[in-house]
Amino acid sequence: MTETQQGGRRPQLSDEAAAYTRALIMSGELRPGTQVRPETIGERLGISTTPAREALQLLRVEGFLELVPRRGFQVAPLTGGDIRDLFRAQALLGGELAGRAAGRVGPGDLAELSALHHELMAAAARNDTGLLEEKNHAFHRIINHLADSRKILWVLGLTVRYVPRMFYASIPGWQQATVEDHGKVLDALSAGDANAARRAMEDHLTHAGELLADNFDARIQGEGQRTPA
C-alpha cells in the first residue's frame, strides 16, 4: 500500500478497497454486469463509504467498473483472454528481469532463494495458502530487484497491480505449478544462464495466467447470476 504525499488515511483506505474489489473481479467472484455498491464494500472492509466510493471511482478509471445511470457501478466486461493478455505482458517483463538477475545473482542471493523455495514447498505440502503466497511474493521480489532495472520494475508494477495476489493459492493447480516452475527458475539462476532464466520466468508467469484465466472462465460459465455486491 503506497503512502501519499499528505500521508492521509483516506487514500490508503481507498487503495485497500480498490485492491480488494479488483481481486474479486479478476477472480470471477464479481461477475461482469454485477452491481458493486460502495456501502457493501465499505461494510466488508470495515471502512466508511467515502473511501470505498473513491476506490470504485478509481476502478472505473482503470476500466474494471462502469458507471451506469440509475444503477451505479457495475463490473465491466472481462474475459479469460483479457487476463491472459495481462499475464503475457507481465511474463515478458518478468522474464527480462530474471534474465538480467542471472548475471548479478551471488551465492548469498542463491542461498536465500533456495531457502524460500524450500519453505514454499513445505507450505504447499501443508496447504498453508497464506504462507505459500508470502514466500512466492518474496521469491519474485528478490529476483526482480536483483535485475537492478528500476524502470522495467516500475512498468511491471503497473501490470502486477491487476493480479489478485490474495486469490493465487486457492486457484486449482497453482500450488503445484508454482513449486515446479520456481525450481526451474532457480536452476537457471544457479547456472548463471540468462536465456534459460528468462524463458523459465516467462513460462512460469504465462502458466500462472493460464490457470487464473481458466479458473475465471470456469467460474463465469458455471455460476448463475450473483447477488449484487
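All values reported here derive from a predicted model rather than from experimental measurement. (Residues numbered from 1 in each chain as written. Predicted model: local features only at pLDDT ≥ 70, side-chain atom pairs only at ≥ 80, totals over all residues. Heavy atoms only, no water.)

Caption draft 1: Just the overall build of the protein chain, in detail. Of regular secondary structure, the protein chain possesses 9 helices and 2 strands. Its helices and strands in sequence order give the protein chain the pattern α-α-α-β-β-α-α-α-α-α-α, from N to C terminus. Of all 229 residues assigned to the protein chain, the portion counted as buried reaches 45%. Within the protein chain, counting contacts between residues at least 6 apart in sequence, those at least 24 apart form 77% of the total. Surface exposure of the protein chain reaches about 11,500 Å², of which carbon and sulfur atoms provide 50%. (Helix = DSSP H or I, 4+ residues; strand = E, 2+ residues; numbered from the N terminus. Buried < 20%, exposed > 50% of the residue type's maximum accessible area, 1.4 Å probe, protein only. Contact = heavy atoms within 4.5 Å. Areas by Shrake-Rupley, 256 points an atom, 1.4 Å probe, with all protein chains shown as cover.)

Caption draft 2: The pattern of salt bridges, seen in detail. Scanning all chains against the criterion turns up 12 salt bridges. In this structure, the salt-bridge partner of Arg 219 is Glu 29, at a minimum N-O distance of 2.3 Å. Here Arg 219, found in helix H9 (residues 194–222), pairs with Glu 29, found in the loop between helix H1 (9–26) and helix H2 (38–45); they are 190 residues apart in sequence, far enough to count as distant. Among the ionic pairs, Glu 39 bridges to Arg 53, the shortest N-O distance being 3.7 Å. Placement of Glu 39 in helix H2 and of Arg 53 in helix H3 (residues 49–62) is noted, with a sequence separation of 14 residues between them. You can call Arg 53 partly exposed: its relative accessible area is 38%. Each member of the salt-bridge network shares a partner with another, and the members are Arg 84, Glu 210, Asp 214 and Asp 217. (Salt bridge = Lys/Arg side-chain N within 4 Å of Asp/Glu carboxyl O.)

Caption draft 3: Structural detail: the environment of Gln 175. For Gln 175, the position within the fold is in helix H8 (residues 174–190). The sequence separation of Gln 175 and Asn 127 amounts to 48 residues, and the corresponding C-alpha distance is 8.5 Å. Side-chain polar atoms of Gln 175 contact the side chain of Asn 127, separated by 2.9 Å. (Polar contact = N/O pair within 3.5 Å; in protein donor to acceptor, adjacent residues only side chain to side chain.)

Caption draft 4: How the structure looks around the packing of helix H4 (residues 80–102) against helix H6 (residues 129–146). At their nearest, the axes of H4 and H6 sit 7 Å apart, and the two run at 70° to each other. Relative to H6, H4 is oriented roughly perpendicular. As for how H4 packs across H6, the hand of that crossing is left-handed. Of the residues in H6, those touching H4 at Leu 97, Ala 98 and Ala 101 are Ile 143, Asn 144 and Leu 146. Of the residues belonging to the contact of H4 with H6, the class tally is 5 nonpolar, 1 polar and no charged. (Axes fitted to C-alpha atoms, helices over the stretch in contact; angles between N-to-C directions. Parallel < 35°, antiparallel > 145°, perpendicular 65-115°, else oblique. Left-handed = near helix turned anticlockwise from the far one by under 90°. Nonpolar A, V, L, I, M, F, W, Y, C, P; charged D, E, K, R; others polar.)

Caption draft 5: Expanded view of the pairing of strand E2 (residues 72–75). In terms of strand pairing, strand E1 (residues 65–68) meets E2 through 4 bridges, oriented antiparallel. Considered in E2, the bridge of Val 68 is made with Gly 72. Here E1 folds back onto E2 in antiparallel fashion, the turn holding 3 residues, of which Arg 70 has a positive phi close to 65°. (Pairing = 2+ DSSP bridges.)

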